[in-house]
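Structure at a glance
Listed below are the residues making up each chain.
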Amino acid sequence: SDGTATVANSTFSGNTAQAGKDAWGGGIYVESSTADITNAIVWGNVADVEPGIYAGYSSTLNLTYSCVQGWTGGGTGNTAADPLLADPDGQDNVLGTADDDVRLTSGSSAIDTASDAAVPDDTFDVDGDGDADEALPWDLGRGDRFLGTGPTVDMGAYEYLNTNGLGDPE
């Protein structure tokens, strides 16, 4: 509320809005603010109203190249198709624990459909190649960010097939 947020290359899954009169926006809640959200997956969250993203009173939501459960708002590159997350509640079937797996699986609507331009710069040269002007080369699991069948990155925090050489995450 009452600010500006920029979110890119992120996955929001397994969140729950507080029960009661304000149980809106299980994944992302925006009020009296501006939110710029790109290359995100917002799926499997719980709320009485808008389990994905709620943009309320005096808000501006700029959503592009994102996969949002229940999304009907249009926008560039957005989809409401299931991103087919590997195992969002993990083997223990409890959300929010260490075994949760929000990587993409085969046939996901989020594969090769995001914006390359929204990948932030490698300002701190995390890969140590001496190039701080390139796009950040890694996903959340430290796998190649620009991996796949085309020149386009995947929506969310992980690239499909990024298991550091271990094969398909399914």
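Residues numbered from 1 in each chain as written. Predicted model: local features only at pLDDT ≥ 70, side-chain atom pairs only at ≥ 80, totals over all residues. Heavy atoms only, no water.

Re the sheet that holds strand β2 (residues 11-12)
Pairing in this open sheet of three strands is parallel, and the strands run β2-β5-β8 from one edge to the other. At either margin of the open sheet sits one strand with a lone partner, and together these are β2 and β8 (67-68). (Pairing = 2+ DSSP bridges. Helix = DSSP H or I, 4+ residues; strand = E, 2+ residues; numbered from the N terminus.)

Examining the pattern of salt bridges
If you walk through the whole model with that rule in mind, you get two salt bridges. The partner of R103 in a salt bridge is D101, and the shortest N-O contact between them spans 2.7 Å. A residue is classified by how much of its surface remains accessible, and D101, at 15% relative accessible area, is buried. With a closest N to O distance of 2.7 Å, R145 and E159 form a salt bridge. (Salt bridge = Lys/Arg side-chain N within 4 Å of Asp/Glu carboxyl O. Buried < 20%, exposed > 50% of the residue type's maximum accessible area, 1.4 Å probe, protein only.)

Structural notes on the nonpolar core
Note that soluble globular proteins tend to have their nonpolar side chains buried in a common cluster. Core analysis: the biggest nonpolar cluster contains 12 residues, these being I41, W43, C67, L85, L104, A110, I111, A114, V119, V153, M155 and Y160. Ranked by size, the runner-up nonpolar core spans 10 residues in total, among them V7, A40, I53 and V68. (Core = buried A, V, L, I, M, F, W, Y, C linked by side-chain atoms within 4.5 Å.)

Thoughts on unusual backbone geometry
For S32, which is not glycine, the phi dihedral falls at a positive 50°. Along the chain, S32 turns up in the loop between β3 (28-30) and β4 (34-38). One non-glycine residue, D112, adopts positive backbone phi at about 55°. Note on placement: D112 falls in the segment after β10 (101-104). Judged by its relative accessible area of 19%, D112 is buried.

What to know about the sheet that holds strand β7 (residues 60-64)
The strand order β1-β4-β7 describes an open sheet built from three strands, whose pairing is parallel. Each having just a single partner strand, β1 (4-8) and β7 make up the two edges of the open sheet. For this sheet the average axis-to-axis angle between neighbouring strands, irrespective of direction, equals 5°. (Axes fitted to C-alpha atoms, helices over the stretch in contact; angles between N-to-C directions.)

Let's talk about the side chain of T38
Among the structural elements, T38 can be located in strand β4. Not counting residues up to four positions away in its chain, the partners in contact with T38 are V7, A8, N9, T64, Y65, S66, S115 and A118. (Contact = heavy atoms within 4.5 Å.)

With respect to the confidence of the model for the protein chain
Looking at the protein chain, pLDDT values average 87 and 91% of them are 70 or higher. Overall, residues 164-170 carries pLDDT values under 50, and its contacts beyond four positions in sequence, including any with other chains, amount to 14 contacts. (pLDDT = per-residue confidence, 0-100.)

Here's the deal with a negative patch on the surface
Together, D121, D129, D131 and D133 line one region of the surface with negative charge. Assignment of secondary structure puts D121 in the segment after β10. (Patch = residues over 30% accessible without salt bridge, like charges linked within 9 Å, V, L, I, M, F, W, Y side chains within 5 Å. Areas by Shrake-Rupley, 256 points an atom, 1.4 Å probe, with all protein chains shown as cover. Lys, Arg positive; Asp, Glu negative; His and termini not counted. Charge placed at Lys NZ, Arg CZ, Asp CG, Glu CD.)

Focus: the environment of D92
Following the sequence through the fold, D92 ends up in the loop between β9 (85-87) and β10. Judged by relative accessible area, D92 falls into the partly exposed class, the value being 37%. Residues D92 and V126, 34 residues apart in the sequence, show an inter-C-alpha distance of 33 Å. Apart from residues lying up to four places away in sequence, D92 is in contact with T97 and D99. Here V94 takes part through its backbone nitrogen, which lies 2.9 Å from a polar atom of the side chain of D92. (Polar contact = N/O pair within 3.5 Å; in protein donor to acceptor, adjacent residues only side chain to side chain.)

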